Amino acid sequence: CAKHQIKRDCGLVAIGGGTICDVMGFVSATYMRGLIMVSVPTTMMSSSDPIVCKVGVNYLMHKNLVGSWFTPAITIIDTDFLRKDSPRHIATGIAEIIKAAFIDSREKVFELSNEMGALLSLDMVALEKYIGLSLDVKIRSVKGDEKDLLGPHAKLSLGHTLADVIETVSPF
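Residues numbered from 1 in each chain as written. Predicted model: local features only at pLDDT ≥ 70, side-chain atom pairs only at ≥ 80, totals over all residues. Heavy atoms only, no water.

Peer 1: Pulling in residues and values, what's your account of unusual backbone geometry?
Peer 2: Even without being glycine, leucine 122 reaches a positive phi, approximately 60°. Its place among the elements puts leucine 122 in the loop between helix 5 (116-120) and helix 6 (124-142). A residue is classified by how much of its surface remains accessible, and leucine 122, at 11% relative accessible area, is buried. (Helix = DSSP H or I, 4+ residues; strand = E, 2+ residues; numbered from the N terminus. Buried < 20%, exposed > 50% of the residue type's maximum accessible area, 1.4 Å probe, protein only.)

Printed below as a string of structure tokens:
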């Protein structure tokens, strides 16, 4: 950043999957005490689980040991990117959407189960509807407690805690 004379009035644009968006979020949060960032997630996972407040990087074999609280100024989700996504990223993104439906309501779970075929076939209307649901649930869950002092983020961590433990003890 310094080499390219990026100053505090500059902004960064992150175009990519979750790793790119998280790392750029971390850089945006910490470089010169904060830069504006625009996030353009390009995978199903990063679209259904974009940065909402927390960014972190692994350090000394510990998951998210170094991090900050940060939300992009703008997140642009273009579902056309998802047509080129890998089956693995599609599956993990749909898992995030299913989690969001469970957090939202029993009715959303039932509705989603009836539209799973459309979602799996990457129907644009279904994608926009359920990625929107996932974003709405995440925004509602952190609203008013962005730094997770009161605990509303806990329901968003469903599955992440166990995955973090597995990642920490595994060789990658």
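Peer 1: Talk me through the side chain of glutamate 96; I want residue IDs and the actual numbers.
Peer 2: Summarising the element assignment, glutamate 96 is placed in helix 3 (residues 87-104). Among the polar contacts listed, one links the side chain of glutamate 96 to the side chain of lysine 99, at a separation of 3.2 Å. (Polar contact = N/O pair within 3.5 Å; in protein donor to acceptor, adjacent residues only side chain to side chain.)

Peer 1: If you had to explain the environment of arginine 8 to someone new, which residues and values would you point to?
Peer 2: Within the secondary structure, arginine 8 sits in the segment before strand 1 (11-16). With a relative accessible area of 43%, arginine 8 lands in the partly exposed category. With 28 residues separating them along the chain, arginine 8 and isoleucine 36 place their C-alpha atoms 8.2 Å apart. Once residues within four sequence positions are removed from consideration, arginine 8 is found in contact with Met32, Arg33, Gly34 and Leu35. (Contact = heavy atoms within 4.5 Å.)

Peer 1: Outline helix 1 (residues 18-30), listing residues and values.
Peer 2: With 13 residues, helix 1 extends 18 Å from end C-alpha to end C-alpha; this agrees with the ideal 18 Å at 1.5 Å per step. Those residues of helix 1 that sit buried are Cys21, Gly25, Phe26, Ser28 and Ala29. Along the axis of helix 1, the buried residues cluster in a sector spanning 165°; they form a single face. Positive backbone phi, approximately 55°, marks methionine 32, located one or two places after helix 1. (Expected span 1.5 Å × (residues − 1). Arc of directions from axis to C-beta.)

Peer 1: So what's going on with the nonpolar core? Residues and values would help.
Peer 2: Of all hydrophobic cores here, the largest spans 18 residues; its most connected members are Met44, Ile97, Leu112, Leu119 and Leu127. Contributions of two or more residues to this core are made by helix 3, helix 5 and helix 6. With seven residues, helix 6 is the single largest residue contributor to this core. If we ignore the near neighbours within four places in the chain, the residues touching isoleucine 97 are Met44, Ser48, Leu112, Leu119, Tyr130, Ile131 and Ser134. (Core = buried A, V, L, I, M, F, W, Y, C linked by side-chain atoms within 4.5 Å.)

Peer 1: Pulling in residues and values, what's your account of the sheet that holds strand 2 (residues 36-41)?
Peer 2: Judged by pairing direction, the sheet is parallel, and its three strands sit side by side in the order 1-2-5 without closing on themselves. The two strands at the open ends of the sheet, each matched to only one other strand, are strand 1 and strand 5 (74-75). Across two bridges, strand 2 lies against strand 5 in parallel orientation. Each residue of the ladder has a partner; that of serine 39, found in strand 5, is threonine 75. Along the sheet face, helix 1 touches strand 1 and strand 2 and points at about 165° away from the line of strand 1. (Pairing = 2+ DSSP bridges. Axes fitted to C-alpha atoms, helices over the stretch in contact; angles between N-to-C directions.)

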